[in-house]
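Geometric and topological summary
Each chain, letter by letter, is given below.
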Amino acid sequence: MPPAATRERLASCRLRRDPAQVGQARQLVRESLARWGLYDHIDYTVLIISELVTNALRHGAGVITIQLSRGGRDLRIEVHDQ
């Protein structure tokens, strides 16, 4: 039997180094997870993204990039800075 096809979904954005941008990150999470039908995971994922973006603001440099991806049953949360 061939492997089951997975349909990966992606959402990403770039944030300025501004504490107000944490709200932008939360909005991306809420909208993306709702669109993907992951309503039970929204609150926890919003908390995680808030912490990661805040850490990048406090301890990182440069533009902050967020990427959410869903493949099958997996949800990946990435926050990158320079």
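What you see is a predicted model, and the numbers here were worked out from it, not measured in a lab. (Residues numbered from 1 in each chain as written. Predicted model: local features only at pLDDT ≥ 70, side-chain atom pairs only at ≥ 80, totals over all residues. Heavy atoms only, no water.)

Some details on the overall build of the protein chain
Helix and strand content of the protein chain: two helices and three strands. Counting only C-alpha atoms, the protein chain reaches 50 × 25 × 15 Å along its principal axes. Long-range contacts, defined here as pairs at least 24 residues apart, represent 59% of the contacts in the protein chain between residues at least 6 apart. If you sum the accessible surface of the protein chain, you get close to 5,800 Å²; carbon and sulfur atoms cover 47% of it. The average position of the 12 basic charges and that of the 9 acidic charges among the side chains of the protein chain differ by 3 Å. (Helix = DSSP H or I, 4+ residues; strand = E, 2+ residues; numbered from the N terminus. Contact = heavy atoms within 4.5 Å. Areas by Shrake-Rupley, 256 points an atom, 1.4 Å probe, with all protein chains shown as cover. Lys, Arg positive; Asp, Glu negative; His and termini not counted. Charge placed at Lys NZ, Arg CZ, Asp CG, Glu CD.)

Structural notes on helix α1 (residues 21–35)
For α1, which comprises 15 residues, the first-to-last C-alpha distance of 21 Å matches the rise-based estimate of 21 Å (1.5 Å per residue) to within 8%. The set of residues buried in α1 consists of Gln21, Val22, Ala25, Leu28, Val29, Ser32 and Leu33. Down the axis, α1 shows its buried residues gathered within 115° of arc, on one side only. The inward-facing, buried residues of α1 contact β1 (9–15), α2 (42–59), β2 (64–71) and β3 (74–80). Glycine 37 occupies a position one or two residues after α1 and carries a positive phi of about 75°. (Expected span 1.5 Å × (residues − 1). Buried < 20%, exposed > 50% of the residue type's maximum accessible area, 1.4 Å probe, protein only. Arc of directions from axis to C-beta.)

A few points about the packing of α1 against α2
The contact between α1 and α2 brings their axes to 9 Å, and the two run at 150°. Between α1 and α2, the angle is such that the two are roughly antiparallel. The handedness of the crossing between α1 and α2 comes out as right-handed. Contact residues: Val22, Ala25, Arg26, Val29, Arg30, Leu33 and Ala34 in α1; Ile42, Thr45, Val46, Ile49, Ser50, Val53, Thr54 and Leu57 in α2. Among the residues making up the contact of α1 with α2, the classes are represented as 10 nonpolar, three polar and two charged. (Axes fitted to C-alpha atoms, helices over the stretch in contact; angles between N-to-C directions. Parallel < 35°, antiparallel > 145°, perpendicular 65-115°, else oblique. Left-handed = near helix turned anticlockwise from the far one by under 90°. Nonpolar A, V, L, I, M, F, W, Y, C, P; charged D, E, K, R; others polar.)

Points about the sheet that holds β2
Reading across from one edge, β1-β2-β3 is the order of the three strands in this open sheet, with antiparallel pairing throughout. Two strands in the sheet have a free side with no partner beyond their single neighbour: β1 and β3. Strand after strand, the sheet turns through a mean of 10° between neighbouring axes, direction not considered. Bridge count for β1 against β2 is seven bridges, and the pairing is antiparallel. When the sheet's bridge partners are listed, cysteine 13 is paired in β2 with isoleucine 66. (Pairing = 2+ DSSP bridges.)

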